[in-house]
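Below are the chains, spelled out letter by letter.
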Amino acid sequence: MEAESEPYVRLATMRQLHQAVADLNTARSLADTLQTVADGIVSGLGYELGCVNLVRPDGDLVVAAFAGNAAAEALITGRVGSRESWERRLAMGEIWDELRFIPHTQGWVLLEDDVPQWHTDGPEPRFEDEWHPLDRLYAPMYASGGGLDLLGVISVDRPRNMRRPGAWGREALQMYASQAAIAISNARLRANMQRALVRLEREQQALRASEESFRQAFEYAPSGMAIAEMGGDQHGRLLRTNDALCRLLGRPASVLRRNSFADLVHPEDIGTLLRTSAEGGRAELRLGRRDGTYLWVSLRNSVVADTADGPRFLLTHVEDIEERKRHELHLAHRASHDALTGLPNSAELRARLGARLCERPHSVASTAIEALDAAYGDAEVSRAHGYQADGYDADAVPGGGLYDHHVHTAAPDTEHDDGSKGLAVLFCDLDGFKSINDRFGHHTGDAVLIEVARRLTTCVRDGDTVARLGGDEFVVLADGLGAADAADLAVRLRNAIIPPIRVDGRAVRVGASFGIGWAECGMTAEEVLRSADQRMYVEKRSRSKVHRRAG
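This is a predicted model, so every value here is computed, not measured. (Residues numbered from 1 in each chain as written. Predicted model: local features only at pLDDT ≥ 70, side-chain atom pairs only at ≥ 80, totals over all residues. Heavy atoms only, no water.)

1. Details of the overall build of the protein
And step 1. Across its full length, the protein carries 20 helices and 20 strands.
And step 2. Counting across all 551 residues of the protein, residues that qualify as buried make up 46%.
And step 3. Summing over all exposed atoms, the protein offers an accessible surface of approximately 28,300 Å²; the carbon and sulfur share of this is 51%. (Helix = DSSP H or I, 4+ residues; strand = E, 2+ residues; numbered from the N terminus. Buried < 20%, exposed > 50% of the residue type's maximum accessible area, 1.4 Å probe, protein only. Areas by Shrake-Rupley, 256 points an atom, 1.4 Å probe, with all protein chains shown as cover.)

2. Concerning a nonpolar patch on the surface
And step 1. A surface patch of nonpolar side chains, about 290 Å² in accessible area, is lined by Trp108, Val109 and Leu111.
And step 2. When you line up the elements, leucine 111 lands in the loop between α5 (104–107) and β6 (136–142). (Patch = residues over 30% accessible without salt bridge, like charges linked within 9 Å, V, L, I, M, F, W, Y side chains within 5 Å. Salt bridge = Lys/Arg side-chain N within 4 Å of Asp/Glu carboxyl O.)

3. Remarks on the nonpolar core
And step 1. Of all hydrophobic cores here, the largest spans 35 residues; its most connected members are Leu137, Met141, Ile154, Leu173 and Tyr176.
And step 2. Of all the elements in the fold, those that place two or more residues in this core are α1 (2–24), α2 (30–44), β1 (47–55), β2 (61–67), β5 (99–102), β6, β7 (150–159) and α6 (167–202).
And step 3. With 9 residues, α6 is the single largest residue contributor to this core.
And step 4. Those residues in contact with leucine 173 that lie beyond four places of it in its chain are Leu45, Tyr47, Leu99, Leu137, Ala139 and Val156.
And step 5. The next biggest cluster of nonpolar side chains, apart from the first, holds 31 residues, and it includes Ile436, Ala453, Phe474 and Val476. (Core = buried A, V, L, I, M, F, W, Y, C linked by side-chain atoms within 4.5 Å. Contact = heavy atoms within 4.5 Å.)

4. Observations regarding the environment of alanine 262
And step 1. Considering the arrangement of structural elements, one finds alanine 262 in helix α10 (residues 261–264).
And step 2. Look at alanine 262 and you get partly exposed, because its relative accessible area is 36%.
And step 3. Separated by 26 residues in sequence, alanine 262 and glycine 236 place their C-alpha atoms 7.9 Å apart.
And step 4. Alanine 262 has contacts with Ile270 and Leu273, leaving out every residue within four places of it along the chain.

5. What to know about the side chain of serine 298
And step 1. Structurally, serine 298 is set in strand β11 (residues 294–305).
And step 2. Among all residues touching serine 298, those that are not within four sequence positions of it are Ala283, Glu284, His317, Val318, Glu319 and Ile321.

6. Describing the pattern of salt bridges
And step 1. Applying the stated criterion across every chain, the model contains 29 salt bridges.
And step 2. One salt bridge in this structure joins lysine 325 and glutamate 284, with 3.2 Å as the shortest N-O distance. Highlighted residues: lysine 325 in helix α12 (residues 322–336) and glutamate 284 in strand β10 (residues 282–288), separated in sequence by 41 residues.
And step 3. Residue lysine 540 is joined to aspartate 429 by a salt bridge in which the shortest nitrogen-to-oxygen separation is 2.9 Å. In this pair, lysine 540 sits in helix α19 (residues 525–542) while aspartate 429 sits in strand β15 (residues 422–431), placing the two residues 111 residues apart along the sequence. Like aspartate 429, lysine 540 is buried.
And step 4. One network of salt bridges, in which partners are shared, links Glu284, Arg324, Lys325 and Glu328.

7. Quick notes on the packing of aromatic side chains
Two measures describe an aromatic ring pair: the distance that separates the ring centres and the angle between the ring planes.
And step 1. Counted by the stated rule, this structure contains 3 aromatic pairs.
And step 2. The interplanar angle of 10° and the centroid separation of 4.6 Å between the aromatic rings of tryptophan 96 and phenylalanine 101 together place this pair among those described as stacked.
And step 3. What makes tryptophan 96 buried here is its relative accessible area of 9%.
And step 4. A ring pair is formed by phenylalanine 101 and tryptophan 131, whose centres lie 6.0 Å apart and whose planes are at 55°; its orientation type is tilted. Here phenylalanine 101 is found in strand β5, whereas its partner tryptophan 131 is found in the loop between α5 and β6, with 30 residues between them in sequence. Take phenylalanine 101 and tryptophan 131: they sit in the same class, and that class is buried.
And step 5. Feature note: the residues Trp96, Phe101 and Trp131 constitute an aromatic cluster, connected by ring pairs.
And step 6. Positioned over the ring face of tryptophan 86 is arginine 89, at 6.0 Å from the centre of the ring.
And step 7. Stacked on the ring of tryptophan 96, the Lys or Arg arginine 170 has its end atom at 3.7 Å from the ring centre. (Phe/Tyr/Trp six-rings, centres within 6.5 Å; stacked < 30°, edge-to-face > 60°. Lys NZ or Arg CZ within 6 Å of the ring centre and 35° of its normal.)

8. Here we look at the confidence of the model for the protein
And step 1. Mean pLDDT over the protein works out to 82, with 83% of the residues at or above the 70 mark.
And step 2. Contacts from residues 363–372, a stretch scored under 50 in pLDDT, to residues over four places away or in other chains number 5 contacts.
And step 3. In this model residues 374–404 is a low-confidence stretch, pLDDT under 50, and it forms 30 contacts with partners more than four residues away in sequence or in other chains. (pLDDT = per-residue confidence, 0-100.)

9. Points about empty space enclosed by the protein
And step 1. Within this structure, the stated rule accounts for 5 cavities of 30 Å³ or more.
And step 2. Its volume calculated, the largest cavity comes out at about 300 Å³.
And step 3. Lining of the largest cavity is provided by 22 residues; of these, Gln117, Trp118, Ser155, Val156 and Asp157 occupy positions nearest its centre.
And step 4. Secondary structure elements with two or more residues in the lining of the largest cavity: β1, α4 (83–91), β6 and β7.
And step 5. Looking at which element gives the most residues to the lining of the largest cavity, the answer is β1, with 4 residues.
And step 6. Together, Val21, Leu24, Asn25, Gln179, Ile182, Ala183, Asn186, Ser298, Arg300, Glu319, Ile321 and Arg324 line the second largest cavity.
And step 7. Those elements that place two or more of their residues in the lining of the second largest cavity are α1, α6 and β11.
And step 8. Partitioned by chemical class, the residues of the lining of the second largest cavity number 5 nonpolar, 4 polar and 3 charged. (1 Å grid on protein atoms, 1.4 Å probe; cavity = no way out; pocket = protein on both sides within 12 Å on 5 of 7 lines; lining within 4 Å. Points joined across faces, edges and corners; volume = space filled by probe spheres on them. Nonpolar A, V, L, I, M, F, W, Y, C, P; charged D, E, K, R; others polar.)

10. A word on the side chain of threonine 341
And step 1. Tracing the backbone through its elements, the reader meets threonine 341 in the loop between α12 and α13 (346–355).
And step 2. We classify threonine 341 as buried; its relative accessible area is 17%.
And step 3. One polar contact links threonine 341 to aspartate 338, side chain to side chain, over a distance of 2.7 Å.
And step 4. Within the structure, the side chain of threonine 341 is placed 3.3 Å from the backbone nitrogen of leucine 343, a separation counted as a polar contact.
And step 5. Excluding its chain neighbours within four sequence positions, the residues that come into contact with threonine 341 are Leu449, Ile450, Ala453 and Arg468. (Polar contact = N/O pair within 3.5 Å; in protein donor to acceptor, adjacent residues only side chain to side chain.)

11. So, the packing of α13 against α19
The relative placement of two packed helices comes down to the angle between their axes together with the axis-to-axis distance.
And step 1. Following both chains from N to C, one finds α13 and α19 inclined at 110°, their axes separated by 9 Å at the closest point. When the axes of α13 and α19 are compared, the pair comes out roughly perpendicular. Contacts between α13 and α19 involve Leu349, Arg350, Leu353 and Gly354 from the first element and Ala525, Glu526, Val528 and Leu529 from the second.
And step 2. By residue class, the composition of the contact of α13 with α19 is 5 nonpolar, 1 polar and 2 charged. (Axes fitted to C-alpha atoms, helices over the stretch in contact; angles between N-to-C directions. Parallel < 35°, antiparallel > 145°, perpendicular 65-115°, else oblique.)

Here's what the structure looks like:
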């Protein structure tokens with residue numbers, strides 16, 4: 001049970017990390033951003049203390065924000081540590097990719113340097129990986145652009161589980177530090193641009209100087225920026241782009257000026273772009289590059305005026321978030337897929353199956369035509385089943401609002417083939433797998449499971465689901481099948497599994513027992529799987545042991 005819950009733990013951690021990163025973009029000022037970074041360490045990463053040390057113009061580092069302990073915050077916030085002392089710390093200890101961990105056995109030499117420190121009391125560790133009160137863990141933050149220009153250092157203390165972070169925790173802290181560096185750089189950039197805009201509005205006499213300041217902030221910003229028209233026939237057309245945006249999209253400025261973001265956005269994201277407000281609007285979407293690929297970016301809009309009473313323009317800040325999205329997709333895939341076979345895991349299977357089911361029994365719409373009429377608001381059928389003119393009457397059936405625009409899933413008649421189709425659930429249990437594991441070891445057993453997963457996947461259609469439920473149990477979801485179709489599919493899958501599997505020069509064989517269940521609205525995902533599982537055991541007992549032997 002512990003191993004099965006790991007994906008849930010990782011998914012929950014990813015969600016907390018995603019929320020902490022999202023909170024970074026809500027801060028309105030540099031000070032708010034720094035405090036949000038510190039708060040995110042405590043709320044999203046599982047540490048009791050978090051500190052943000054920011055590089056000053058003179059190179060030394062100042063404690064800019066602290067979270068987790070009010071007394072410590074009052075004592076060390078605003079204190080300064082020399083750059084030399086910080087570089088010494090970052091050069092010693094254990095290197096965890098971009099993180100630096102200094103165990104208490106080495107850190108005693110740092111007790112007297114000038115870096116502000118706060119030590120917490122606690123018992124001596126009992127285990128090798130237990131956190132010691134004098135352990136130190138640092139996450140350097142570097143300015144965006146891929147260089148080694150140190151922006152600051154995040155220091156953390158006292159993991160809530162009192163263990164040194166493993167690979168998962170280190171990856172989360174490193175990813176968070178990278179996003180925090182971007183947020184701090186953007187906060188500084190926004191502060192510079194806001195000061196330039198205030199000067200433009202406040203003093204007409206300093207207009208030319210302010211325009212030059214804005215031009216430099218725009219042209220030399222490390223992330224992409226664009227100015228577009230607002231209103232009129234040319235609304236949204238790009239008027240000006242900086243070099244960073246041109247490099248990001250692989251398009252020259254002359255080409256970009258003939259387009260709008262609506263011309264560049266991925267077709268699936270056009271709705272997101274249209275829903276993004278001009279003033280203060282934010283969106284994450286994909287923009288097309290010159291080579292035909294798409295890049296994930298974050299857009300942030302603001303409205304600027306050419307003069308006090310002149311035309312208004314849309315200023316859009318474009319940040320490359322491809323790396324973060326790739327990390328999110330990778331983490332989401334790991335949380336929803338089986339690590340051994342790469343198939344969807346039990347949680348993902350239940351989610352996909354549950355998406356096709358609702359609590360309302362399918363008998364409310366007894367035919368496929370009635371189900372479609374009910375889903376899309378046919379007036380006559382709607383009135384017959386409790387619908388109003390503007391949709392399903394939620395008062396007619398408890399929770400009825402859940403079924404708007406939902407085509408109900410119904411099981412076909414398995415006794416009389418009337419041509420109806422449904423969502424077949426094929427529960428597969430391998431025969432003879434345990435004996436292979438016992439005789440040849442888990443290495444051979446794992447190789448068999450991987451090969452069975454491959455064979456099952458090659459036998460189904462695009463759009464069907466092959467999932468590993470756990471152990472030697474697999475489940476196939478195949479939509480649009482009749483009873484005879486499902487039986488034929490089970491035979492094909494069994495025949496694909498039976499041929500010998502070669503592992504380390506040895507040929508082994510497994511058999512398979514299949515139970516066919518049918519998904520139906522009014523049932524839960526657990527009930528559907530239980531039904532298919534029971535039918536599998538009926539089928540297994542109906543076949544002689546000789547026909548089920550393998551090895």
